[in-house]
Amino acid sequence: MRLGNWDVRPLGGAAGCVTMIILSIVLSILLTLVINLLL
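Everything numeric in this text was worked out from a predicted model, so none of it was measured.

Conventions we followed
- Residues numbered from 1 in each chain as written.
- Predicted model: local features only at pLDDT ≥ 70, side-chain atom pairs only at ≥ 80, totals over all residues.
- Heavy atoms only, no water.
- Helix = DSSP H or I, 4+ residues; strand = E, 2+ residues; numbered from the N terminus.
- Buried < 20%, exposed > 50% of the residue type's maximum accessible area, 1.4 Å probe, protein only.
- Areas by Shrake-Rupley, 256 points an atom, 1.4 Å probe, with all protein chains shown as cover.
- Patch = residues over 30% accessible without salt bridge, like charges linked within 9 Å, V, L, I, M, F, W, Y side chains within 5 Å.
- Salt bridge = Lys/Arg side-chain N within 4 Å of Asp/Glu carboxyl O.

Engineer: Break down the overall build of the protein for me, citing the residues and quoting the values.
Structural biologist: Regarding its fold elements, the protein presents one helix and two strands. Helices (α) and strands (β) of the protein occur, in sequence order from the N terminus, as β-β-α. Across the 39 residues of the protein, 3% fall into the buried class. Surface exposure of the protein reaches about 3,800 Å², of which carbon and sulfur atoms provide 77%.

In structure tokens:
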């Protein structure tokens, strides 16, 4: 999968699954903090 200049390769197995879960949690927390700071 290509995102602009980034080549995103899905990680296989349990490590990739855990990484994606942690990444989504961190991104959601960051988004919440940014929205709260802007409002």
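Engineer: Describe a nonpolar patch on the surface, listing the residues and the values that go with them.
Structural biologist: On the surface, V18, M20, I21, I22, L23, I25, V26, L27, I29, L30 and L33 cluster together into a nonpolar patch covering about 1,000 Å² of accessible area. In this structure, I21 sits in helix α1 (residues 13–38). For I21, a relative accessible area of 45% gives the class partly exposed.

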